[in-house]
Amino acid sequence: MQIFIYILKRILQSIPLLIIVSILSFFIIRLSPVDPLAELRLNPSVSQETLQKETERLGLDKPIIVQYGKWAKSFIKGDLGITSNGEQVSAKLKERIPNTLLLTTIVIALTWLVGIPLGVAAALNWKTPFDRILTVLTSIGMAIPSFFFAVLLLIFAVKTGWFPIGGLTSSDFLEMNFPQQVWDISHHLILPVTVLFTLSLAGLQRQMRANLLDVLDSDYVKFARAKGLSEFDVVYKHALRNAINPMITLLGFEFAGLLSGAALTEYVFQYPGLGRLILEAVLKSDINLVMASLMMGAIMLILGNLIADILLIITDPRIRVKA
Amino acid sequence: MIREIFKQLMKDKFAKIALVILGLIYLALFLADFIAPYTKDFSDRTMAYVPPSKIFIINEHGKLSMPYTYNYVRNFDSENLRITYDLDRSKKHFIKFFAKGQPYKFLGIIPMQRHLITTDPDGRLFLLGADINGRDVFSRLLFGGRISMTIGFLALFVLFPIGLLYGGIAGYFGGIVDTIMMRFAEAVMSIPSFYLLIILASILPSGMTSVQRFMLIVIILALIGWAGFARVVRGMVLSVKNQEYVQAAKSIGASRLRIIVKHILPQTASFVIVAMTLSVPSYILSESGLSFLGLGIQQPDASWGNMLKEAQEYTNIIYRPWLLTPGFLIFIAVLAFNLIGDTIRDVLDPKSKVR
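Residues numbered from 1 in each chain as written. Chains lettered and ligands numbered in written order. Predicted model: local features only at pLDDT ≥ 70, side-chain atom pairs only at ≥ 80, totals over all residues.

Participant: How should I be thinking about the overall build of chain A in this particular structure?
Facilitator: Across its full length, chain A carries 13 helices and zero strands. If you list the helices and strands of chain A from N to C, you get α-α-α-α-α-α-α-α-α-α-α-α-α. Each of the three principal axes of chain A carries a C-alpha extent, and together these read 80 × 55 × 40 Å. Each of the 323 residues in chain A was classed as buried or not, and the buried ones make up 36%. (Helix = DSSP H or I, 4+ residues; strand = E, 2+ residues; numbered from the N terminus. Buried ≥ 20, exposed ≤ 12 C-beta atoms within 10 Å, placed from the backbone.)

Now the structure itself:
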């Protein structure tokens, strides 16, 4: 019961945060001297009526505060307006968000599966050659610019022909049966996942290593050793549990970093995700689309942090007591 | 403290190498006008995309000779419908050191003509090939490095005072001030940073001078990073604000701003130094990412990011791999900064075991 109250509280707390985010992004976008409907006006397939409706919906003839109010109202209703091509913004987002989520979830799962054991192994072999080699490798992983790495992998894909170049599906995707479709998507995902995986593995591995080293240094671990527990029990039953908790907090940050890192990677690989959508929208100064995808990015980030917090309550009883 | 840090840096093998590499890079960038065979804006359109110049030290008779090079000529191969680059072996161009070349102003003030390495006026010495406009990639790497390697530092010098003061005030005052200020900072942090970055960059009006654009990009980079930093500073301020020396300062009537700036913030010094060295690379990466997308530094100015823009085309990356060199330089610079940052953290925060 207590847990639910705490979770509810956390959810309620994120609402004012979202409001501030929306005000902030709205004013930043409106700072630009661009006419938000310029593209629409130039597009011959967009009718005069649609233009009139958009002007009214955005309240462009009114002061900026009123404009914000109007925007917020239609946002809550789920009406995000239309893009400069005349498409529904919400349809566009619905198409792109799952792709970005798919990419980031796979990357997070993989980094945890590989990064945590590597971090533990490095901590247990502290200052041995194994540990040092891992440190050098992670330093290199952290220093490669994601877009540059992506470009290099593209060269590799072009030269060997082992991987499809960009996109998420092949052109004959719709004619495939289900297992073929799954294979097609995973085949397209390999390269972008490799880039983001390398990018985030290093940080996770180092943090895990540092946490475990800290915990192994603490009194209760010394005590556990002193009373004659086997090394296995000391590390995996006592130390590891405490070392993992801070990593869960990091999960939220990792998600944030991935959303940002994914934008450039998606751009290079022509991956149909949210990051590339917002980039294209920015380059075309498609204001409705920019605003909506900015909000979606923020919501995803806040949700990511929320999930991390909730997981933390489940794994760490001390927080439950405090709450 | 600085001397102590430096001594420790020289003791660590990796950090020492990193320091030497960074020192060499910055020295080369400082002397860019002199080292580069060409000025930043020099272009020879007939030389678009020529490969790196081949330098010969053994002449056609098989004898040792002064180093010389041949110009490339572009030929259209009508059978394969391709442009080929062949050496024009009719005229040798000897490579000259400390010879007169294109006039330039050293550091923008002293007019000079001598270049470290150059060749005859009608010869073309493109050590790392040329780009689409027939500009020397090697020269532009040096000029572009000036922007890429300083922009991160400048952004930090804008961001850290803001973050320090913001976090200091929020932490010291506490209560409602703290709540409002921190909610705002959290909101800034809730927007994925790269999304915010490209949106801020996209509202920059076109038609600015390159200096104005450079300064505005510095400010944008600073706007992205201050919030996270302010939050950590606030945490540190909370932990020291009730200590005796702060109460002592209060009791002798020091103003609140003075207490924050003079007594509390200095306690965060070692954290600030560590955070600064560790965040330089991320700003170098942000700038290059932004310019790579075409939203950062604009042509004809060079930065490592916008030079890599040409690598977005498949034909370029496969047939003209020399256009990728800025990427390797970014990698080396970031790696070196990371190694130094790690060592500095070890020195200032001996308990930390991240490394």
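Now that the structure has been shown, the text picks up again.
Participant: Mind showing me how you'd approach the overall build of chain B here?
Facilitator: Along chain B, the regular secondary structure elements total 13 helices and five strands. The principal-axis extent of the C-alpha atoms belonging to chain B is close to 90 × 45 × 40 Å. Within chain B, contacts between residues at least 6 apart in sequence are counted, and of these 67% link residues at least 24 apart. (Contact = placed C-beta atoms within 7 Å.)

Participant: What is the right way to read the nonpolar core from this model?
Facilitator: Ranked by internal contacts, the top residues of the largest apolar core, which has 157 residues, are I278(A), V290(A) and I198(B). The element that contributes the greatest number of residues to this core is helix α4 (residues 137–173) of chain B, accounting for 16 residues. (Core = buried A, V, L, I, M, F, W, Y, C linked by C-beta atoms within 7 Å.)

Participant: Explain the sheet that holds strand β1 (residues 55–58) of chain B to me, please; I cannot follow it from the model alone.
Facilitator: Remark on secondary structure: sheet strands pair via backbone hydrogen bonds, oriented parallel or antiparallel. Residue and element names in this part refer to chain B. Here we have three strands laid out as an open sheet, ordered β1-β2-β3, and antiparallel in their pairing. In this open sheet, the two edge strands, each paired with only one partner strand, are β1 and β3 (82–94). On average, each strand axis in the sheet is inclined to that of its neighbour by 35°, with strand direction left out of account. Relative to strand β2 (residues 64–77), β1 runs antiparallel, the two sharing three bridges. Opposite I58, over in β2, you have L64 as the bridge partner. (Pairing = 2+ DSSP bridges. Axes fitted to C-alpha atoms, helices over the stretch in contact; angles between N-to-C directions.)

Participant: How should the pairing of β2(B) be read in this particular structure?
Facilitator: A regular strand carries its side chains on alternate faces of the sheet. Residue and element names in this part refer to chain B. What sits between β1 and β2 in their antiparallel hairpin is a turn of five residues, with G62 showing a positive phi close to 80°. Of the pairings in the sheet, the one linking β2 to β3 comprises nine bridges and is antiparallel in character. Bridge pairing in β3 links Y68 to F94.

Participant: Where do I start with the interface of chain A and chain B in this structure?
Facilitator: By a frequent convention, interface size equals the accessible area lost on bringing the separate parts together. Taken together, the contacts link 44 residues of chain A with 38 residues of chain B. Every element with two or more residues in the side of chain A that touches chain B is listed here: α1 (2–31), α6 (129–143), α7 (146–160), α8 (178–216), α10 (231–269), α11 (274–283) and α12 (287–315) of chain A. Examining the composition of the side of chain A that touches chain B, we find that nine residues originate from one element, α1(A), more than from any other. Of the residues assigned to the side of chain A that touches chain B, the class counts are 35 nonpolar, seven polar and two charged. (Nonpolar A, V, L, I, M, F, W, Y, C, P; charged D, E, K, R; others polar.)

Participant: It is not clear to me how α8(A) should be interpreted in this structure. Could you clarify?
Facilitator: Its 39 residues give α8(A) an end-to-end C-alpha distance of only 48 Å, which falls more than 12% under 57 Å, the value for a rise of 1.5 Å per residue. When the local axis directions of α8(A) are compared, the greatest deviation, roughly 40°, occurs at I190(A), which is followed within four positions by the proline P192(A). (Expected span 1.5 Å × (residues − 1). Bend = angle between axes of the 7 residues up to and from the residue.)

Participant: So what exactly am I meant to see when it comes to the environment of S146(A) here?
Facilitator: Relative to the helices and strands, S146(A) resides in helix α7. Not counting chain neighbours up to four residues away, the residues in contact with S146(A) comprise V195(A), L199(A), G261(A), L264(A) and T265(A).

Participant: Which parts of the structure should I look at to understand the environment of K11(B)?
Facilitator: Residue and element names in this part refer to chain B. Assignment of secondary structure puts K11 in helix α1 (residues 2–11). K11 gets classed as exposed once you count the C-beta atoms within 10 Å, which come to 11. C-alpha of K11 to C-alpha of L24: the two residues are 13 residues apart in sequence and 19 Å apart in space.

Participant: Honestly, the packing of helix α5 (residues 89–124) of chain A against α11(A) in this entry has me stumped. Any pointers?
Facilitator: Any two packed helices are characterised by how steeply their axes cross, that is the angle between the axes, and by the distance between the axes. Residue and element names in this part refer to chain A. One can describe the packing of α5 onto α11 by two numbers: an axis separation of 7 Å at closest approach and a directional angle of 135°. Relative to α11, α5 is oriented oblique. Only L274, G275 and L277 of α11 make contact with α5, whose side of the interface consists of K92, R96, I97 and T100. Looking at the contact of α5 with α11, its residues break down into three nonpolar, two polar and two charged. (Parallel < 35°, antiparallel > 145°, perpendicular 65-115°, else oblique.)

Participant: Help me understand the environment of Y172(B) in this model?
Facilitator: Residues and elements named next belong to chain B. As for its placement among the helices and strands, Y172 is situated in helix α4. For the pair formed by Y172 and M10, sequence separation is 162 residues and the distance between their alpha carbons is 38 Å. Not counting the four nearest positions on each side in its chain, Y172 is found in contact with V237, K241, R256, I260 and I264.

Participant: Explain unusual backbone geometry here, please?
Facilitator: Peptide bonds are mostly trans, and most non-glycine residues show a negative phi. Omega for the peptide link from Q299(B) to P300(B) comes to 0°, which places this bond in the cis form. Position of P300(B) among the secondary structure elements: in the loop between α10 (269–292) and α11 (304–307). Notably, K127(A) is not glycine yet its phi reads approximately 65°, a positive angle. Examined against the element boundaries, K127(A) turns out to sit in the loop between α5 and α6.

Participant: Teacher, can you tell me more about the confidence of the model for chain B here?
Facilitator: Caution is warranted with low-pLDDT regions, since their predicted coordinates should not be read in detail. All names here are of chain B. Of all residues in chain B, 98% have pLDDT values of 70 or greater, and the mean over the chain is 84. Ranking the elements of chain B by mean pLDDT puts helix α12 (residues 314–319) last, at 75, and helix α2 (residues 13–30) first, at 91. Confidence metrics for the complex model read pTM 0.86 and ipTM 0.84. (pLDDT = per-residue confidence, 0-100.)

Participant: Explanation requested: the packing of α6(A) against α8(A) in the structure shown.
Facilitator: All names here are of chain A. Running from N to C, α6 and α8 cross one another at 140°; their axes reach a closest spacing of 8 Å. Between α6 and α8, the interaxial angle falls into the category oblique. By crossing handedness, the relation of α6 to α8 is classed as left-handed. Between α6 and α8, the contacting residues are L134, T138, G141 and M142 on the first element and T198, L201, A202, G203, Q205 and R206 on the second. Counted by class, the contact of α6 with α8 contains four nonpolar, five polar and one charged residues. (Left-handed = near helix turned anticlockwise from the far one by under 90°.)

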